Amino acid sequence: MNELAWVVRLWVVRLAQVLQLMSSSTAYTPSTKVFLRVTTTIGLVALFLGLFPFESTDFLKFLCHATLAVLAACFRVSLPTITGTLTINFLFVLIGIVEFSLSEVLFIAASMTGLQCVLAQDRRPTLGKILFNVAVVSIATIATYAVYANPHFVDAGVSSTVLLVTAAFVLYVMTTFPVSMAIALTERRPIVRTWRECSLWSGPYYLAGAAVAILFTTTTRMLGWQMALLVMPVIYLITRSYQLYMGRLEDGRKHTEQMAELHLRTIEALALAIEAKDTTTHDHLQRVQVYAVEIAKELDLPFDQIEALRAAALLHDIGKLAVPEHIISKPGKLTPEEFEKMKIHPIVGAEIIDQARFPYPVAPIVRSHHEKWNGEGYPDGLIGEAIPIGARILSVVDCLDALATDRQYRRGLPLEEALEIIQKESGRSFDPTIVAILTEKCVELEQKATLRRPARVRLSTAIRVERGAAPAAGFEEKNEEVVRPEETREPLEFLTSIASARQEVQALFELSQNLGSSLSLNETLSVLAHRLKRMVPYDSMAIYFARDGKLLPEFVTGENFRLFSALEIPIGQGLSGWVAENKQPILNGNPSVEPGYLNDPTKFSTLRSALAVPLQTDNRVVGVLALYASARDSFTADHLRVLLAISAKLSHSIENAMKYELAETSATTDFLTSLPNARSLFIQMDSELNRCRRSGAALEILVCDLNGFKQINDRFGHLEGNRVLKEFASLLREACRDYDYVARMGGDEFVVLLPELPEAAIEQKIAQLSTLARQAAQTVVGQSALSVAIGSARFPVDGEDAERLIAVADQRMYQAKAIMKTPSALEPRERRDSPLAASPYVH
């Protein structure tokens, strides 16, 4: 008893150490730690109580069976398409519950489990894991033995076969469920689902083990257990043969996986080929793949259809390799002819995919991904479920992503709006079942698509290759003419070509000369419009200048004049915006894609083709020259060549004219307020005085000076002072008539010219302007800390020339300032009681 008590204490101490080690592991969740500790404790206690006292009616028989069981524990059988291995431990447990006592079966089961854990080749388990596995097997063995040896079942006459099959089921559940539960708690997954994924496949093998156990016990009873042991070598040979067979299957499986990986790499390479053709498709293809595969899983499609859809999502646009590039990259809606060419891409794509010989049906999906649920799609007009399920899924998600992403001819819609459009097409263009799943899972799918977005592989399409001086056949000679045999050459065509070339050269020369002859921007563009029309016939012409990220029409002539004059085209959008951003011309583009009337049914253009080229100086786009025509495909490659020939000269002429215009404007315009400056004022005054002399009309001149402006600068800073000046100038301009003239003399002085203003209205006008300074200060700095002194002079009463009139008005303005500083002097006085009298209404 003392020795037994010592063994018990040793087990308890060791068990406590192991449980403490398990509880300190950081890999387990708190619930997992509790479950492992409780299960291990119960199992080891049950093992200890079951082993002692140890009972054996035939120790030799037990020893032989235990030896075979331990040897069998060294073998594991790999199963095809199953992650994991299968042991035959359960077979010896099932035989043991029939032939041996509980303590003997427990010893065999625990020994086999512990040895198998120690001999694991893939990883060395910790002592805690070994004890947990032993504990689970011990609990399962005791439960199995209790079912088979239950006296109530025996007394009820239940056959041993039924009992053994039931015991096998109990052993299966009690062995697999605790392990699955530990995995589920650790990974925070549903327990039943985890058990179904990890262990459900092994259930039939336990039932087969029950059949083998029945055969073994029957043989034992007929021939004796010694003869029955001869069956074990046969079982070993069968197991070993099966292992060799499985090894060959595994080699085949690895080869298949390598081929599948090769197919996947081929798919990715083909997807890169599509990207090289159409750079807008990369993210589109990746997102469509995520959406499509997840919807296929929701529909519980077979594995081969999911894999086919996975490949088709990347390759459904591969047929676009057969579509001309100018159609694919066209920044606008397609013409009927272009759409006819575009419609071949599903057929060509399916033919390309057929050559790849995928192990799953990819080609039918690619061919049918533009079919519609109501039969109005292309290329075959399939209806409803006649469309392959993969193509139905792909068409929905392809359309959703196309609506929700930016395209060259329109902005992408918000995901919610795109989904509403998809829902409206449910039952017409799309399968209602798929639309319902997409509606329910849209947010979740968008998150997955964002998380799984791979790093983009950028192709080296923009690099310059230094090697290679010339092609093997040599370069094309410029203006080289192919000489045909004399008997087949038409003299008229030959002479016409020479005459046309000579006329073109002469016209280009004259246009280049005229472009550089004037610094007037409007004159330069007018000359261009007149002379260019003889070389490149057009119905409308627009020249856009690039300003602040937009293209603004600077010169427009021809049809739809008002429409094009009102456009503001963001760079990168529409036809002209695309030309400006990419610095590439467009031949026979669609004018209706210009932002401003795109997709607007109230704005309609009769123009059907466009030719646009960028205007660049020093690799900087200054604008776009766009020609429009009412006929489709009106422009030719020769027309494009002409525009490219003059674009550089035109760009420099436009830039020079713009610089001249800016310099001219700066010389006559105040930079801060954008009002005319003093130089411009005197030019205008001379012009107005000459007009008044001829017509006998009067001219009133007002000189305005701000009082308190220095205090605003001192208190609020010069930046706020500048804002006050700009606000006052704006209010002054708004308070005057359209033909009045407002200028800034300098500093805080402003001059207003009032042609033909009645003398009776002067006082009212001065009173109106006197409130503007206070209003400007209140708006900018929040205080009425500003006033204005106004002096006036009238032609011809106060002077005959501009200098005399300004001097008189200035003198009266300063007298008015003095009066404003003396409260008692603010009484009204008769106007012009002397030539230098102040204005009677000064505030």
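Everything discussed here concerns the structure shown above.
Now for a description of the structure that goes with this document. (Residues numbered from 1 in each chain as written. Predicted model: local features only at pLDDT ≥ 70, side-chain atom pairs only at ≥ 80, totals over all residues. Heavy atoms only, no water.)

When you go through the protein chain residue by residue, the secondary structure sums to 32 helices and 12 strands. For the protein chain, the proportion of its 843 residues judged to be buried stands at 43%. Looking at the protein chain alone, contacts between residues at least 24 apart form 65% of all its contacts between residues at least 6 apart. Surface exposure of the protein chain reaches about 45,200 Å², of which carbon and sulfur atoms provide 57%. (Helix = DSSP H or I, 4+ residues; strand = E, 2+ residues; numbered from the N terminus. Buried < 20%, exposed > 50% of the residue type's maximum accessible area, 1.4 Å probe, protein only. Contact = heavy atoms within 4.5 Å. Areas by Shrake-Rupley, 256 points an atom, 1.4 Å probe, with all protein chains shown as cover.)

Let us now look at the packing of aromatic side chains. Counted under the stated rule, the structure contains 13 aromatic pairs. Taking the centre distance of 6.5 Å and the plane angle of 50 degrees together, the rings of F169 and Y172 count as tilted. With a gap of three residues between them, F169 and Y172 both fall in helix 8 (residues 160-187), about one helical turn apart. Overall, Y172 belongs to the buried group, its relative accessible area being 5%. Joined through ring pairs, the aromatic side chains of F54, F59, F62, F100 and F107 make up one cluster. (Phe/Tyr/Trp six-rings, centres within 6.5 Å; stacked < 30°, edge-to-face > 60°.)

Another aspect to go through is a nonpolar patch on the surface. A contiguous nonpolar surface patch, about 380 Å² in accessible area, is contributed by F54, F59, L63 and F107. One can find L63 in helix 3 (residues 59-72). (Patch = residues over 30% accessible without salt bridge, like charges linked within 9 Å, V, L, I, M, F, W, Y side chains within 5 Å. Salt bridge = Lys/Arg side-chain N within 4 Å of Asp/Glu carboxyl O.)

Attention now moves to the pattern of salt bridges. Under the criterion given, the structure shown has 25 salt bridges. Residue D317 pairs with K320 through a salt bridge whose shortest N-O separation is 3.8 Å. The exposure class assigned to D317 is buried, which follows from its relative accessible area of 4%. Residue K441 is joined to E444 by a salt bridge in which the shortest nitrogen-to-oxygen separation is 3.9 Å. Placement of both K441 and E444 in helix 21 (residues 432-451) is noted, with a separation of three residues, approximately one turn of the helix. The network of salt bridges with shared partners includes E294, E298, K441, E444 and K448.

In terms of nonpolar packing, the biggest core is built from 45 residues, with V362 and L438 touching the most fellow members. Sorting the residues of this core by element identifies helix 13 (282-298), helix 14 (303-315), helix 17 (345-356), helix 18 (363-368), helix 19 (389-404), helix 20 (415-424) and helix 21 as the ones contributing at least two each. Setting aside chain neighbours within four positions, we find V362 in contact with A308, A311, A312 and I353. Counting 33 residues, the second largest nonpolar core, distinct from the first, contains Y172, W195, Y206 and A213. (Core = buried A, V, L, I, M, F, W, Y, C linked by side-chain atoms within 4.5 Å.)

On to the packing of helix 4 (residues 89-99) against helix 8, then. Running from N to C, helix 4 and helix 8 cross one another at 135 degrees; their axes reach a closest spacing of 11 Å. Taken together, the axes of helix 4 and helix 8 are oblique relative to one another. Viewed along their axes, helix 4 and helix 8 form a crossing whose handedness is right-handed. On the side of helix 4, the interface is formed by F90, V93, L94, I97 and V98, while helix 8 contributes L164, A167, A168 and L171. Per-class residue counts for the contact of helix 4 with helix 8 are nine nonpolar, no polar and no charged. (Axes fitted to C-alpha atoms, helices over the stretch in contact; angles between N-to-C directions. Parallel < 35°, antiparallel > 145°, perpendicular 65-115°, else oblique. Left-handed = near helix turned anticlockwise from the far one by under 90°. Nonpolar A, V, L, I, M, F, W, Y, C, P; charged D, E, K, R; others polar.)

Turning to a negative patch on the surface, a few remarks are in order. Together, D686, E800, D801 and E803 give the surface a local cluster of negative charge. Positionally, D801 belongs in the loop between strand 12 (787-795) and helix 32 (802-821). (Lys, Arg positive; Asp, Glu negative; His and termini not counted. Charge placed at Lys NZ, Arg CZ, Asp CG, Glu CD.)

The strand order across the open sheet formed by four strands is 10-11-9-12, and the pairing between neighbours is antiparallel. In the strand order of this sheet, the two ends are held by strand 10 (741-746) and strand 12, each with one partner. With direction set aside, neighbouring strand axes in the sheet form an average angle of 20 degrees. As paired elements, strand 9 (residues 699-707) and strand 11 (residues 749-755) share seven bridges and run antiparallel to each other. (Pairing = 2+ DSSP bridges.)

Here we come to helix 31 (residues 772-781). Within the sequence span of helix 31, burial applies to L772, A773, A776, A777, V780 and V781. When helix 31 is viewed along its axis, its buried side chains cluster within an angular range of 135 degrees and face the same direction. Buried residues along helix 31 sit against strand 9, helix 28 (709-716), helix 29 (718-735), helix 30 (762-770) and strand 12. (Arc of directions from axis to C-beta.)

Looking along the chain, the bond that leaves Y378 and enters P379 is cis, with omega of 10 degrees. Relative to the assigned elements, P379 resides in the loop between helix 18 and helix 19. Of note in this structure, N560 is not a glycine but carries a positive phi near 55 degrees. Of note, the phi angle at K583 is positive, near 55 degrees, even though the residue is not glycine. Counting through the fold element by element, K583 comes out in the loop between helix 25 (574-582) and strand 6 (586-589). Relative accessible area serves as the criterion here: at 31%, K583 is assigned to the partly exposed category.

Looking now at the pairing of strand 10. Relative to strand 11, strand 10 runs antiparallel, the two being bridged by five bridges. Opposite Y741, over in strand 11, you have L753 as the bridge partner. The antiparallel hairpin formed by strand 10 and strand 11 contains two residues in its connecting segment, where G747 sits at a positive phi of about 60 degrees.

For the rest of this paragraph, the subject is the pairing of strand 12. Of all nine residues in strand 12, nine are buried; the element is thus mostly enclosed. Burial of strand 12 is two-sided: the residues S787, A789, G791, A793 and F795 facing one way and the residues V788, I790, S792 and R794 facing the other way are all buried. Alignment of strand 9 against strand 12, held across nine bridges, turns out to be antiparallel. In the strand pairing of strand 12, L699 is matched with F795.

Moving on, we get to the sheet that holds strand 4 (residues 550-558). In spatial order, the strands read 5-4-3-8-7-6; together these six strands make up an open sheet with antiparallel pairing. Two strands lie at the open edges of the sheet, namely strand 5 (569-570) and strand 6, each paired on one side alone. Of the pairings in the sheet, the one linking strand 6 to strand 7 (residues 609-617) comprises three bridges and is antiparallel in character. When the bridges of strand 7 are listed, L587 appears paired with L611. Contacts from helix 25 reach strand 3 (540-547), strand 4, strand 5, strand 6, strand 7 and strand 8 (620-629), with the element oriented near 145 degrees to strand 8.

These figures come from the coordinates and say nothing about function on their own.
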